[in-house]
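# Coordinate analysis (summary)
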Amino acid sequence: MSERALTQQIQNLKKHNARLVRLARDARSKLSAALDGTGLCLWQLDVPSGKLIIFNRRWGSMLGYQPKELSAQFEVWKDHLHPEDRPWVLKAFYDHLEGKAPYYEALHRMQHKNGTVTWVLDRGRVSERDASGNPLKVTGTHIDMTKEKQYEEQLALLANHDPLTGLANRHALIKQFDERKQTGPLCVAFIDLDNFKHVNDTLGHRSGDVLLIQLSQRLRDTCPPGTTIGRLGGDEFVLLLPFALADATIYRAAQDLLHAVLTPFDLDNGVGSVGASIGIDEVQPQDSFVEALTRADKAMYHIKHSGKNGVAMGATLISVSPRLTA
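None of the values given here were measured: they were computed from a predicted structure.

### Looking at the confidence of the model for the chain
Taken residue by residue, the chain gives an average pLDDT of 86. The fraction at 70 or more is 86%. Here residues 320–326 is modelled with pLDDT under 50, and outside its nearest four sequence neighbours on either side it reaches 13 contacts, counting other chains as well.

Dropping the structure here:
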């Protein structure tokens, strides 16, 4: 082959190689754009060196970092695992490398640059082994699941909490009742507000909602530790108190609850005042939530029929203390 022909062939190879490089760069750019659009991060780990190849920029950005701000190394990924999740996530990863699991998969937390948490669904599989079967490369994906987890948490909150006050709803109260009944003494308190309709009629429903929100916070501040506070709806509240009816804590709690309700509420367009009829009864071993609540409700009606603004503990009526009427 003449020197001229050889030179021409070299030039042709260079042109062909440059074309292949452009095609590869273009393909990688399109792949990166496609993956970024789905929130998917594609990665490959070189096991011996610990070097990570990140095929698009989602991994760093999902943790709040700029491109190339994070070093693409296995140790860097380990350092950003949430401390509570790190042990089991690494175990799952090494179990796959050792052949104990067909693939690696973990839904876990990672530490965001700003100190918050990013939820990641991490999947991977050994894609190359040496002649002895030792893993050389692992290829996988990261998917940012933070929004999905937040949505799950919101759904769980709605499923178990009153949307206005944030207190436990009926579903959560029943669940707590079934659990607490097995662990020791338990009382159910039923609170029905008196004259709440007057607040709605004179100050408006918005002010009525604000009063309920303020009262909910007062109940949180007032109730003994361990109390579950719930709202059935409207102006009806239910407490699960982990004490026997004869316990002095119940008596003190009853007085404090009355004080919390009877203290006037400062609202945007005036002062709102309500009263309360409260019934408390102790849960019996055979009681369902409905049965225990019915007895507390019956005790509450003793107060309704006796002038309101008081507490009935079983069959015992408690008058309002001077502290509350001052």
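Moving on, there is more to tell.
### Examining the pairing of strand β6 (residues 187–194)
Where a strand is regular, its side chains alternate between the two sheet faces. Across the eight residues that make up β6, a large majority, eight, are buried. Residues C187, A189, I191 and L193 of β6 are buried on one face, and the alternating residues V188, F190, D192 and D194, pointing to the opposite face, are buried as well. Pairing geometry for β6 and strand β8 (residues 236–241), over six bridges, is antiparallel. The residue of β8 that forms the bridge with I191 is F237. Pairing between β6 and strand β11 (residues 275–282): eight bridges, direction antiparallel. Each residue of the ladder has a partner; that of A189, found in β11, is I280.

### Quick look at the pattern of salt bridges
Within the structure shown, the criterion is met by 15 salt bridges. Close ionic contact of E84 with R109 constitutes a salt bridge, the shortest N to O distance being 3.1 Å. Taken as a pair, E84 in the loop between α3 (74–79) and α4 (86–97) and R109 in strand β3 (residues 104–111) lie far apart in primary sequence, 25 residues in all. Across the pair D162 and R231 runs a salt bridge, and its minimum N-O distance is 3.0 Å. Placement of D162 in the loop between α5 (146–160) and α6 (170–180) and of R231 in strand β7 (residues 228–233) is noted, with a sequence separation of 69 residues between them.

### Quick look at the sheet that holds strand β4 (residues 117–129)
One open sheet holds the five strands; their spatial order is β2-β1-β5-β4-β3, and the pairing between them is antiparallel. If you trace the sheet from one side to the other, it starts and ends with β2 (51–54) and β3, each paired once. Looking at each pair of strands side by side, their axes are set apart by 30° on average, direction ignored. Relative to strand β5 (residues 135–144), strand β1 (residues 40–46) runs antiparallel, the two being bridged by seven bridges. Bridged to D46 within β5 is K137. Set on the sheet, α4 makes contact with β1, β3, β4 and β5; between it and β3 the angle comes to about 150°. Contacting β3, β4 and β5, α5 runs over the sheet at an angle of about 135° to β4.

Basis of the calculations
- Here, residues in each chain are numbered from 1, in the same order as that chain's written sequence.
- In keeping with the model being predicted, local features are shown solely for residues with a pLDDT of at least 70 and side-chain atom pairs are shown and tallied solely at 80 or more, while totals for entire chains, interfaces and linings include all residues.
- Computation of side-chain values: all heavy atoms of the structure, hydrogens and water removed.
- Within a predicted model, pLDDT stands for the predictor's per-residue confidence, ranging from 0 to 100.
- The contact definition used throughout considers only heavy atoms, calling two residues in contact when any of these lie within 4.5 Å.
- For every residue, the accessible area obtained with a 1.4 Å probe (protein chains only) is divided by the maximum for its type, and the residue is called buried under 20%, exposed over 50%, and partly exposed between those limits.
- Secondary structure is summarised from DSSP: a helix means a run of H or I of at least four residues, a strand means a run of E of at least two, and numbering begins at the N terminus for each.
- At least two DSSP bridges between two strands are needed for those strands to be called paired.
- Just to be clear on terms, a salt bridge is a Lys or Arg side-chain nitrogen sitting within 4 Å of an Asp or Glu carboxyl oxygen.
- For helices, the axis comes from a line fit to the C-alpha atoms of the stretch in contact; other axes are also lines fit to C-alpha atoms, and the angle between any two N-to-C directions lies between 0 and 180 degrees.

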